[in-house]
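Letter by letter, the chains look like this.
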Amino acid sequence: MSIDLINFRSLAGIRMHDGRKIVSHAFYRGPAFIYNRLSFESKEAIRDIGFKHIIDFRGDDEVIRGGQVYIPDGCLYEHIPAISKAMEKNDDLNTFDNDFEGDYMAHIYRKLPFDNQAYRKVIGYIKDTEVPIYFHCSAGKDRTGVCAAIIELLLGADEDEIIEDYMKSSLIYKEYYSKVLKLPISDAWLCKVDWIKGSLNAITKLYATYEDYFLAEYGLDHDDIQRIRDRYLDQF
């Protein structure tokens, strides 16, 4: 039974630099589970996955506008905005010209990997084997995409693999607009390689290694990282 929700997907099968792949039934990403947008069959499929945690990255206004969310029995739902007011502050973004939205998004992508309480909650549950876990925003591509990239970094993915998974959101929304809506797609529904590269470059600019990043931002040392990889990657 499938879940009829645009851009809902698992991280299962993504290949790491050592050849191992992410196991199934652990990490899922996508848009919000808005109750009245889900079919009965989709709700059943979500319930059958057996999520332990749902982390909602949306802002307060988005949650109010979105309406009631579907929370399957036995699952803890937590709303923790991924974008804080501090992240949005940027003295360089002081004009609202035609390029402002693009500049704003590039700025946010560079800020998301740091001091992010929402992402820390997700990584904490991963460390404690509190899976399967679902993390989402409104469209499941930007805030969600950066979180997925950080999980993939933690598990040992190369940059090319991370970018390929990130860009799947654009392919999914392009197909939906073309085949289902029969409409041209707005840039608001697309991803940009430069944005996710901005996130990765911001990490390596501030920290000497990714291990340093995970220790400083998430309290994970080398042994923690190895245990997490052994737990969530298939064996050769």
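Residues numbered from 1 in each chain as written. Predicted model: local features only at pLDDT ≥ 70, side-chain atom pairs only at ≥ 80, totals over all residues. Heavy atoms only, no water.

Section: the overall build of the protein
- The helix and strand tally for the protein stands at ten helices and five strands.
- Here the C-alpha atoms of the protein give a radius of gyration of 17 Å, agreeing with the 18 Å that 2.2 N^0.38 yields for 236 residues.
- Across its three principal directions, the C-alpha atoms of the protein cover 50 × 45 × 30 Å.
- Across the 236 residues of the protein, 48% fall into the buried class.
- Accessible area of the protein: about 12,000 Å², with a carbon and sulfur share of 49%.
- Seen as two clouds, the 30 positive and the 40 negative side-chain charges of the protein have centres 2 Å apart. (Helix = DSSP H or I, 4+ residues; strand = E, 2+ residues; numbered from the N terminus. Rg over C-alpha atoms; globule rule 2.2 N^0.38 Å. Buried < 20%, exposed > 50% of the residue type's maximum accessible area, 1.4 Å probe, protein only. Areas by Shrake-Rupley, 256 points an atom, 1.4 Å probe, with all protein chains shown as cover. Lys, Arg positive; Asp, Glu negative; His and termini not counted. Charge placed at Lys NZ, Arg CZ, Asp CG, Glu CD.)

Describing a negative patch on the surface
- A surface patch of like charges, here negative, comprises Asp 158, Glu 159, Asp 160 and Glu 164.
- Mapped onto the fold, Glu 164 is located in helix α7 (residues 159–181). (Patch = residues over 30% accessible without salt bridge, like charges linked within 9 Å, V, L, I, M, F, W, Y side chains within 5 Å. Salt bridge = Lys/Arg side-chain N within 4 Å of Asp/Glu carboxyl O.)

A closer look at the pairing of strand β3 (residues 53–56)
- On β3, burial covers both faces: His 53 and Ile 55 on one face and Ile 54 and Asp 56 on the other are all buried.
- In the sheet, β3 pairs with strand β4 (residues 76–79) via four bridges, with the strands oriented parallel. Paired with Ile 55 across the strands is Glu 78, a residue of β4.
- Once you follow β3 into helix α2 (residues 60–66) and on to β4, the crossover reads as right-handed.
- Two elements, β3 and strand β5 (residues 133–136), share four bridges in a ladder whose sense is parallel. The partner of Ile 54 across the bridge, within β5, is Tyr 134. (Pairing = 2+ DSSP bridges. Right-handed = clockwise from strand over helix to strand, strands pointing away.)

Comments concerning the side chain of Asn 116
- Here Asn 116 is to be found in the loop between α4 (100–111) and α5 (117–127).
- A distance of 3.0 Å separates a polar atom in the side chain of Asn 116 from the backbone oxygen of Leu 112.
- A polar side-chain atom of Asn 116 sits 3.2 Å from the main-chain amide nitrogen of Tyr 119. (Polar contact = N/O pair within 3.5 Å; in protein donor to acceptor, adjacent residues only side chain to side chain.)

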